[in-house]
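This is what each chain is made of:
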Amino acid sequence: MSGPRLDVVQDSAGLELHAGGVWNVEVATPPCGDALSAIEALGPGDVLRYDTSELAAWDTGLLALLLRIEQVATERDVTIDRSGLPDGARRLLALAESSPARDDARRDTGKAPWLDRVGASTIAAAEYADGSVEFLGESTGAISRFFIGRGRYRKRDLWLLVQQAGAGALPIVSLVSFLLGAILAFVGAVQLQQFGATIYVANLVGVAMARDMGALMTGIVMAGRSGAAYAAQLGSMKVNQETDALVTLGISPVEFLVVPRVIALSSMMPLLTLYSVLMGIAGGALVAIAMLDLSLTTYWNQTIEALSMSGLLGGLFKAFVYGILIALAGCRQGMRCGGSASAVGDAATAAVVSSIVAIISAAGLFAWVFYVLGI
Amino acid sequence: MTTACNAPTIAPGEQPHIEVRDMTMAFGDFVLQRDLSFRIPRGSIFVIMGGSGCGKSTLLRHILGLLTPAKGSILLDGEDLTNIDLKRRQTLMRRFGVLYQSGALWSSMTLAENVSLPLEEYTDLSAGEIRDIAALKLAMVGLRGFEDYYPSEVSGGMQKRVGLARAIALDPEILCIDEPSAGLDPISSRRLDDLILELRASLDTTVVIVTHELPSIYSIGTDSIFLDAETRTMIASGPPTWLRDNCDDPTVHQFMTRGEATDGQ
């Protein structure tokens, strides 16, 4: 099997290209520099011919090379005679040329000027904000319709969502909360040991978990778990035109898809948080018993004493709000998803980012409000 | 299988390009098709026909090695595809080009990049050459100038044509096509048929095609098999026009005539 060759033969009429050997694009294509420079020396009236009698096999590599050579030849008004080419090659080239050149289709891939881009992103940001407000309004309306019993949704879907957001999240919430409680206890133990006040580890873990950390950790876990899932579900429904199908049936996608998710997540979040607080306290207790030689009863009694009802209820209220924020952020990103598979991935990413930002901002706000109110 | 519906197009001594022997396709206990045995001659346009849900696309996926047969074997040039190591299989797979039912374009890449990926992976061509070839392939399917578009920005028919351009990027020996005409208008569908004929004539490609588009079956198919959903096996094989005129099996006959001529029989 001989490698591919491309020889240039000058004659009085112009140029003849001799292609020979086996042309396989996966192995090698010969350089065409000689041929190109020879053609550049030609002028109008000269003829470019081919001789492929020694060509054993050919493929796309030959075609691509011919196209490049002929483009140069055409620019110089050289007459091209393709009769020496293999039949198939001639036909494929003709096929490629037969499709109308859509010059209007070619797009400008250059970068827009700086000011253009600033303007474009400002407009995009304004449109995004506008869309978010609209979405928020629509959701609020749909949620109130749900509560007066006029919302359109499927009960089975709602229960399934409740199960997914609630019981389905227990293992991961257990793990994260237990470890978080243990970590808090570790950090506290090292500091409190210096004062011999190790018993207050129970206060630290209990109060922190109940007031803030339980809700916050559960929120972050659920943002990654449910928020992303909601964006991906709604996004792929959008890609498959399933949401359009709902709209044409006269069913609002917000009512049918968003409301059940908001209800499911916001009702499950306080329960998960309560569970998370318990798991956190258990984690703290393990560290206290193993490291600080406290007994379980002492630890428990101390915890009960430290916890206040208002603190715990405050924590659960926060969890409820986080649940609404996560579900809305996830659904909002899903509903504005573009038309391709990669857009679904982008929507899921955006959902996680925006719900975590929302949760943390809300947590900051809550901390301030609760401080002012003295809870 | 009635003998009347069986007209082998391959000469007894000829080596088939692809051969399927006694194959059973199953998902767990559910048998989709059994006792499939047929030979695909080199350079033919082989049509896999049958009603919806009979396992046409699944058969194609078996030939491509995406699924493993429950029983039997698939031979490519006499080499058993079901019983080889992964490396050899990957080498053999490069001789296949596939056009999936919905195009299956990578949505995060432009059309040119979609066509270029196989070239980038398997050849040592320079970036410029790859761009030239990608543009050539897109021009062949009638999409000159659309290199920088993303799949989501062009119509379904165009996506399908890009899928074909990608399938032929490496000049495959065997081109597998799943439902080429689904979602195409008659003119585009005809253009696609012409393109398939042209590719076969120019590059001597073997084409395996799953379709139930009758005009296209008759105009390009040189050989075919008919899978039956009821009996779960192939009930006819031979050139499509021959089957239309000679096969007396009612299911096949109805399919081949869209049920229109049955009363006249």
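Residues numbered from 1 in each chain as written. Chains lettered and ligands numbered in written order. Predicted model: local features only at pLDDT ≥ 70, side-chain atom pairs only at ≥ 80, totals over all residues.

## Here's the deal with the domain arrangement of chain B
All names here are of chain B.
And then number 1: With domains assigned, chain B is organised as domain 1 (16–95 + 173–257) and domain 2 (108–171).
And then number 2: Inter-centroid distance (C-alpha atoms) of domain 1 to domain 2 is 25 Å.
And then number 3: Taken together, the 10 residues of domain 1 in the interface contact 10 residues of domain 2.
And then number 4: When residues in the side of domain 1 that touches domain 2 are grouped by element, the largest group, five residues, is from helix H6 (residues 186–203).
And then number 5: Broken down by class, the residue content of the side of domain 1 that touches domain 2 amounts to five nonpolar, two polar and three charged. (Domains from an automatic or database assignment. Contact = placed C-beta atoms within 7 Å. Helix = DSSP H or I, 4+ residues; strand = E, 2+ residues; numbered from the N terminus. Nonpolar A, V, L, I, M, F, W, Y, C, P; charged D, E, K, R; others polar.)

## Structural notes on the interface of chain B and chain A
And then number 1: Taken residue by residue, the interface counts 24 residues in chain B and 27 residues in chain A.
And then number 2: At the level of elements, helix H4 (127–140) and H6 of chain B are the ones that each hand at least two residues to the side of chain B that touches chain A.
And then number 3: With six residues, the single largest contributor to the side of chain B that touches chain A is H4 of chain B.
And then number 4: A per-class count over the side of chain B that touches chain A returns 11 nonpolar, seven polar and six charged.

## So, the nonpolar core
And then number 1: If you look at the biggest cluster of nonpolar residues, it comprises 98 residues, and the most contacted ones within it are Ile48, Leu138, Ala165, Cys176, Val208, Ala236 and Val252 of chain B.
And then number 2: In terms of residue count, the dominant contributor to this core is H4 of chain B (eight residues).
And then number 3: Ala169, Val258, Ala264 and Ile281 of chain A belong to the second largest nonpolar core, which has 68 residues in total. (Core = buried A, V, L, I, M, F, W, Y, C linked by C-beta atoms within 7 Å. Buried ≥ 20, exposed ≤ 12 C-beta atoms within 10 Å, placed from the backbone.)

## So, the environment of Arg225 of chain A
Residue and element names in this part refer to chain A.
And then number 1: Within the secondary structure, Arg225 sits in helix H7 (residues 201–239).
And then number 2: Along the primary structure Arg225 and Cys331 are separated by 106 residues, whereas in three dimensions their C-alpha atoms are 13 Å apart.
And then number 3: Setting aside its immediate chain neighbours within four residues, Arg225 contacts Ala169 and Ile172.

## Structural notes on the packing of H7 of chain A against helix H9 (residues 253–292) of chain A
Packed helices, taken two at a time, are described by the angle their axes make and the gap between the axes.
Residue and element names in this part refer to chain A.
And then number 1: Look at H7 against H9: their axes get within 7 Å of each other, and the N-to-C directions meet at 140°. Put simply, H7 runs oblique to H9. Between H7 and H9 the crossing geometry is right-handed.
And then number 2: Considering only residue class, the contact of H7 with H9 consists of 19 nonpolar, eight polar and one charged. (Axes fitted to C-alpha atoms, helices over the stretch in contact; angles between N-to-C directions. Parallel < 35°, antiparallel > 145°, perpendicular 65-115°, else oblique. Left-handed = near helix turned anticlockwise from the far one by under 90°.)

## Comments concerning the pairing of strand E3 (residues 47–57) of chain A
Residue and element names in this part refer to chain A.
And then number 1: By the bridge criterion, eight bridges tie strand E2 (residues 14–22) to E3 in an arrangement that is parallel. In the strand pairing of E3, Gly20 is matched with Glu54.
And then number 2: At this point the chain moves from E2, through helix H1 (residues 33–40), to the parallel E3, and the crossover so formed is right-handed.
And then number 3: The sheet contact formed by E3 and strand E4 (residues 79–81) spans three bridges and is parallel. Bridge pairing in E4 links Arg49 to Asp81.
And then number 4: With helix H2 (residues 60–75) bridging E3 and its parallel neighbour E4, the resulting β-α-β unit is right-handed. (Pairing = 2+ DSSP bridges. Right-handed = clockwise from strand over helix to strand, strands pointing away.)

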